[in-house]
Amino acid sequence: PLPYSSFTSSSVYARGYGAGYAKLNRKQGAGGWSPLDTDRYQWLQVDLGSRKQVVAIVTQGRYGSSDWTSKYRLLYSDTQKNWRPYLQDGNIWTFEGNVNSEGIVRHGLQHTILAHYIRFIPVDWSRKGRIGVRLELYGCSYWADVISFDGHGVISYRFRSKKIKMVKDVISLKFRTTAGDGVLLHGEGQQGDYISLELRRATLQLSINLGSNQYGSIQGHTYVTSGSLLDDDHWHSVVIERYRKNVNFTLDHHTQQFRTNGEFDHLDLDYEISFGGLPESAKPSSGGRGNFVGCMEGITYNGDNITNLVRRKKVDTSSFRNLTFSCAESNSFSVFFNSTSFLRLPGQSDSDTLSVSLSFRTWNPNGLLMFTPLADGWVEVGMTEGKVTVYMNVTQKKNTRIDISSGSGLNDGQWHSVHLNALENYAMLTVDGDEASTVRTAIPIQIQTGGTYYFGGNFLLTNTRSLQRSFQGCMQMIHIDDHLADLRALEQGLIGTFENISLDMCAIIDRCVPNHCEHGGRCSQTWDTFNCNCSGTGYTGATCHTSMYQQSCEEYKHQGKSSGSYWIDPDGSGSISPFRVNCDMTEEKIWTMLKNNLSPQTSVTSADQEGKAVLQITYNVTDEQVNNDALDPVNLLHTAANERHSYWGGSGPGIKKCSCGIEHNCTDPKHYCHCDADLRTWREDAGLLVYKDHLPVSQVVVGDTSRAGSEAKLTIGPLKCQGDRNFWNAASFTSPASYLHFPSFRGETSTDISFYFKTSSTHGVFLENLGTSDFLHIELKGGSMVIFSFDVGSERVELSVHSPVPLNDDQWHRVEAEKNIKEAVLQLNGQYKDIRATPPQGHTKLEFYSELYVGASSGRRGFLGCMRALKINGVTFDLEERAQVTPGVNPGCQGHCSSYGMHCRNGGKCVEQYNGYTCDCSLTAYDGPFCTDDVGGYFETGTLVRYDFLPEGGTLALQEVKSISGVGVPRQTNLTQEELMFSFSTSSAPTILVYISSRTQDYLAVVLRHNGTLQIRYSLGGLTEPYTIDVDHRNMANGQPHSVNITRNLREIRLQLDHYSVSTYTLPEASDTQFNLVKSIFLGKVFETGQIDPILIERYNTPGFVGCLSRVQLNSVAPLKAALRSGLAAPVSTHGILVPSNCGASPLTISPMASASDPWHVEAAGAVFPSNKDKASGDGVDRNAAIIGGIISMVIFTVLCIMVFVIRHMFRHKGSYHTNEAKGAESADCADAAIIVNDPAFTETIDESKKEWFI
């Protein structure tokens, strides 16, 4: 136990309250220490007798009293000078103390304190009494050899052999200095290997090179930096651990892991390694770097204690002038200012000369350094936008204001000196001792000093108009009238006054080291906080943690996006950066495509000495990006390590044949590829590479290219993968007591959680973590509110978002939660958001969550419903796999149509699937994944389409016709209401567009008359002449697309043309209202054997319709679609030539957001990543472009079918290709069929993937 004399304090309340009584559980004296004044200037100091390692502290209040300390800080020092605050989480740490006089509160220190003296600083105390404390420190002894370096001496540790070749190194040391530059260690070899550790601008830089080749193509130079403000005259610990190319670089508990550049593993050093500077044998190219000035201790190199060897004189220290084994005390005395501080010091009064100098360090660009009143006026020295500015205001006779400034970027945290000297008729301002840059200005009026100097900006003077700008930072070496101010006398109360300053310490903190801005975000800081600039990174948020982009093409599709080029980020906030892909959403399956660097039909040239041409294939992504599991939803793509395979597209591993060799139809039966036939004409070997483990292709080798008369061309299509299994990875919770248990997950300083849910319940816990000290919880409350709560240290943070619409509507909703060192964000459905600042202390406690429960494990009501796509810190949690072994939880989820059914347009029906939904377009005149693609055709002269309704007793029942044809036929054939819709474009008239016949004399006809106007003819019986509707106001045979919608209900007929308003007509009372026995639908021309209106035949049926028809639908029957889709078994026939076309009709698309304002679309203005070279594209529809697109759509379609995803190779002799594949596939010389059948991976790929994975 420490004696009474080891305890000292700032003051003592009374006898018996002395510092020596402040021992845990002691009752002597007044039962603890209490100071005279209860304020923040009080301290209790413990002398540990020598340097000790302190690992924990325990506190109590004063015995039997109302005095205790509820919050406190710790300072430590080796010399009772230059105190250092205990830091944790990048902040001056405030410990939670006592709430009564007898309770014991223990805190283990996250970082061990190594010091001789400890100071206990009360920050908050009992409101019922005053400051009071009893305490105890826990730790162990410490001893190390200390060596003082004066800038001349260098320790040279000679190796036992002239050269060493090390595969593993461990180097450690501690250093302390006030110099910002200097070499700590250095070693090098003749072959260019070296290792160097040095200070540069108070930052530590480790440089290492394991070797570069003589041609310079392999560069091994590697350097990393760590720490900042290391010239603070405190001890800093460094450990360098290297095994081959892997290096751990640790500075003061912060470890950086990196790999060295180049291809070599050994560090080859010659003769020696030096500490404290460069040895005499160092190469001149090492530069004129200065030696280290300061102290080192505990130097070890690969198990050898260098400092101990120096003490025993086993190491060369001849360069030292005076070798000492102690560390000299620093004479500097710093003053630490916060935003409420000021310091007042005296100086000469009534003097005509003013001289003030000081050193400062700060992060703030603005602040008042010094202010002094003059007999007439005042002078102030401050910081303005990182420059030192001087304002002199002399009010004698007339106001005279003089402004001068110097320097730039002085708010960089480094020490900078300022000297202001005002003489009889001029003033000089010098920054950082640079006399050459001294700023001079004339003073027209002589000054007269006032004798009082204020430092820091938080002072109040009523007789001045000075700007009160508080200074946050440190000052030292304050000179007034060329005399160094005695700040120790200030501390003892002998001179000057001060308020809210900390003496003999500089508690500056670099909040950007380590950098909390993720993904390459740029950090900037002030004294109190830091900010991240995320521009150009692809991420957003306070720490650039959250990705701006969706994880896959699948997710874009279900936001209503269409095919195009998009940025995706498969792992969200993970380490893989976003990259651009092409998303093909035209089919039911969503395709993600990665293009390569090889142009189509690339000529194979540049053969090597063996006559082979090697073509390197690269993609616009890294290996890490293409190997991501989210991009590769069914584990199709794997990167590799240069494994060679000898087979071609359309074949399989080990077969050594092209597809024609397997099918026995090669040009020359003696060979197994078309291109092996020595012919003068071009031949092609093409096919799909679908063996999953061998993708992507990274290299293609083509043989025999140097032979005269031999020529080859190569095409490799894009890499293609389908879907996103993570997006649909779901589980259904059927009991409020059910939950999924995941043993652990790593939560970094920044943690993000996202998932989709749907439920009909009003309450339920989505997920939670219930550790002993950690807490995280997300729940649904009241059917319309989501709550996110978590602990930061001893504080609980809660965020809530209220939805204006119910969340228990059994539709999908998305929750995104993020917490980082600055703030917490909760977002619902991408639009409703709550943001809260997080407490500055306690973030490191959240680095590990012990267990995660999806659902409620604490007895509360768990979540009832479906959850999918749960992702935490970029990692998708496999809900389906865990649900398979968990009672009360089922894998997968049904009911996607309730959320996404609105995407099925034009009468398309949403169909549930296990992992999503599809749109059934069979009862519509449209096609495509969302039933938005027009189905139409171009009619030449004489072309007609006939669709027949089968009689009730025919060979096929109506129900069977409906199911087989895929297009609905109404059960009733006597219609009292019908809806006819179609679009057309033509330049010829007169003509019949649509004619609907019956087994009676009833019919409906839509025709264009001679002048191009539209006429609708209804004949339902009861009238002598058909009822006609004439639209006389416009010529519709103008080559433009037009749409027609005719709806009849009994006698009421509603007609809509194009975008015009609806017109209403009424059948005469004498007319029948029933369309009897509908028989056929004719398009383009009528060819009917029964009775037919002779006027139609005479005026409109010859020569027939020439032009385009599309979107033709009568109720649920789509005759034109049935005619154009060969896969549909329908009672439809076509006469003449019918060419598929959409007739230039405006495509119907799902567009919830204009592309110009859509941040996800790569062409959106301002949203292009990472460059902004792409032009913004508008959202308007260019009708002329649409017409042109319709005309050439078939050409584009044909070209794409030929070019995309097909590998073509024309050559005289077979080649081989390389993959980057890690697994070695063993090829056996066996029968082709045996290889294909016996290899399950290849069998699976061929069976499942002929249409899915193309290259």
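From a predicted model like this one, the values you see are computed outputs, not experimental measurements.

Calculation criteria
- Residues numbered from 1 in each chain as written.
- Predicted model: local features only at pLDDT ≥ 70, side-chain atom pairs only at ≥ 80, totals over all residues.
- Heavy atoms only, no water.
- Helix = DSSP H or I, 4+ residues; strand = E, 2+ residues; numbered from the N terminus.
- Buried < 20%, exposed > 50% of the residue type's maximum accessible area, 1.4 Å probe, protein only.
- Contact = heavy atoms within 4.5 Å.
- Areas by Shrake-Rupley, 256 points an atom, 1.4 Å probe, with all protein chains shown as cover.
- Salt bridge = Lys/Arg side-chain N within 4 Å of Asp/Glu carboxyl O.
- Patch = residues over 30% accessible without salt bridge, like charges linked within 9 Å, V, L, I, M, F, W, Y side chains within 5 Å.
- Disulfide = S-S within 2.5 Å.
- Pairing = 2+ DSSP bridges.
- Axes fitted to C-alpha atoms, helices over the stretch in contact; angles between N-to-C directions.
- Phe/Tyr/Trp six-rings, centres within 6.5 Å; stacked < 30°, edge-to-face > 60°.
- Lys NZ or Arg CZ within 6 Å of the ring centre and 35° of its normal.
- Polar contact = N/O pair within 3.5 Å; in protein donor to acceptor, adjacent residues only side chain to side chain.
- pLDDT = per-residue confidence, 0-100.

Caption draft 1: Main features of the overall build of the protein. Along its length, the protein carries 13 helices and 85 strands. Split into buried and exposed, the 1255 residues of the protein put 53% on the buried side. Look at the contacts in the protein between residues 6 or more apart in sequence, and 69% of them connect residues 24 or more apart. Split by element, the accessible area of the protein, about 54800 Å² in all, is 49% carbon and sulfur.

Caption draft 2: Main features of the pattern of salt bridges. With the rule as written, the count across this model stands at 31 salt bridges. Between R1048 and E978 there is a salt bridge, and its shortest N-O distance comes to 2.6 Å. Pair noted here: R1048 is in strand β77 (residues 1042–1049) and E978 is in strand β72 (residues 977–986), with a separation of 70 residues, a long-range link. Per residue, the accessibility class of R1048 equals that of E978, and both read buried. In this structure, a network of salt bridges that share partners links the residues R51, D78 and E297.

Caption draft 3: Seen up close, a nonpolar patch on the surface. Taken together, the side chains of Y938, I1137 and V1139 define a hydrophobic patch exposed on the protein surface, amounting to about 250 Å² of accessible area. For V1139, the location among the structural elements is in strand β83 (residues 1138–1140). A relative accessible area of 36% places V1139 in the partly exposed class.

Caption draft 4: Looking closely at the state of the cysteines. On inspection of all chains with the given rule, the structure shows 12 disulfides. Put simply, C897 and C910 are joined by a disulfide, and their sulfur atoms are 1.9 Å apart. What sets the handedness of the C897 and C910 disulfide is the S-S torsion sign, and at about -85° it is left-handed. Placement of the pair is C897 in helix α7 (residues 897–900) and C910 in strand β66 (residues 909–913), with a sequence separation of 13 residues. The exposure class assigned to C897 is buried, which follows from its relative accessible area of 17%. Residue class for C910 comes out buried when judged on its relative accessible area of 18%. The thiol of C721 is not disulfide-bonded; the next cysteine sulfur, from C553, is found 7.8 Å away.

Caption draft 5: Structural context of the sheet that holds strand β56 (residues 785–792). Strands sit in the order β51-β62-β54-β55-β56-β57 across an open sheet of six strands; the sheet is antiparallel. With one partner strand each, in any of the chains shown, β51 (739–742) and β57 (795–802) form the two edges of the open sheet. Here the strands of the sheet are splayed against their neighbours by 10° on average, with no regard to which way each runs. For β56 and β57, the ladder comprises eight bridges, and the chain directions are antiparallel. In the sheet register, F790 faces β57, and the bridge partner there is V797.

Caption draft 6: Structural detail: the pairing of strand β16 (residues 222–226). Burial along β16 is one-sided: T222, V224 and S226 are buried, while Y223 and T225, pointing the other way, are not. The sheet contact formed by strand β15 (residues 203–209) and β16 spans five bridges and is antiparallel. Looking at β16, one finds that L204 is bridged to S226.

Caption draft 7: Here's a closer look at the sheet that holds strand β40 (residues 564–568). With respect to topology, four strands assemble into an open sheet ordered β40-β41-β42-β49, the strand pairing being antiparallel. Single-partner strands in this sheet number two, and they are β40 and β49 (719–722). In this sheet, adjacent strand axes meet at a mean angle of 35° when their direction is disregarded. Sheet topology note: the β40/strand β41 (residues 579–584) ladder contains five bridges and is antiparallel. Bridge pairing in β41 links W567 to R580.

Caption draft 8: A look at the packing of aromatic side chains. Taken as a whole and assessed by the stated rule, the structure comprises 34 aromatic pairs. Ring geometry for F175 versus F292: centroids 6.3 Å apart, planes at 90°, classification edge-to-face. Taken together, the residues F175 in strand β12 (residues 168–176) and F292 in the loop between β20 (267–275) and β21 (293–301) connect sequence positions 117 residues apart. The same class applies to F175 as to F292, namely buried. Look at F727 and W728: their rings are 5.0 Å apart centre to centre, the planes differ by 80°, and that puts the pair in the edge-to-face class. When the ring centre of Y756 is taken as reference, the NZ or CZ atom of R868 above it lies at 4.2 Å.

Caption draft 9: Highlighting the side chain of E272. The topology assignment puts E272 in strand β20. A distance of 3.3 Å separates a polar atom in the side chain of E272 from a polar atom in the side chain of R158.

Caption draft 10: Just unusual backbone geometry, in detail. For the bond running from L695 to P696, omega is 0°, close enough to zero to count as cis. Residue P990 follows A989 across a cis peptide bond; omega there is 0°. Note that P990 resides in the loop between β72 and β73 (991–998). Positive phi, close to 60°, is recorded for D810, a residue that is not glycine. Relative to the helices and strands, D810 resides in the loop between β57 and β58 (813–819). For N1115, which is not a glycine, the phi torsion comes out positive at approximately 50°.

Caption draft 11: Layout of the pairing of β21. In this structure, strand β10 (residues 146–150) lies alongside β21, joined through five bridges in antiparallel fashion. By the bridge assignment, F149 is partnered in β21 with G294. Sheet topology note: the β12/β21 ladder contains five bridges and is antiparallel. Bridging from a neighbouring strand, I171 pairs with Y301 of β21. When β21 meets strand β22 (residues 304–305), the two strands line up antiparallel, connected through two bridges. Considered in β22, the bridge of T300 is made with N305. Remark: two residues form the turn of the hairpin made by β21 and β22, two consecutive strands paired antiparallel; N302 in that turn has positive phi of roughly 50°.

Caption draft 12: The side chain of D791, seen in detail. Note on placement: D791 falls in strand β56. A relative accessible area of 12% means that D791 is categorised as buried. Within the structure, D791 has its side chain in polar contact with the side chain of R796 (distance 2.8 Å).

Caption draft 13: Seen up close, the confidence of the model for the protein. Overall, the predicted model of the protein reaches an average pLDDT of 83, with 84% of residues at or above 70. The low-confidence segment residues 462–466 (pLDDT under 50) makes nine contacts with residues lying over four places distant or belonging to another chain. Overall, residues 1194–1255 carries pLDDT values under 50, and its contacts beyond four positions in sequence, including any with other chains, amount to 194 contacts.

Caption draft 14: Main features of the environment of V1006. Along the chain, the position of V1006 falls in strand β74 (residues 1003–1008). Judged by its relative accessible area of 0%, V1006 is buried. Along the chain, V1006 and I1016 lie 10 residues apart, while their C-alpha atoms are 4.6 Å from each other. With residues up to four places along the chain from it excluded, the contact list for V1006 reads L980, F982, I992, L993, V994, L1014, Q1015, I1016 and I1046.

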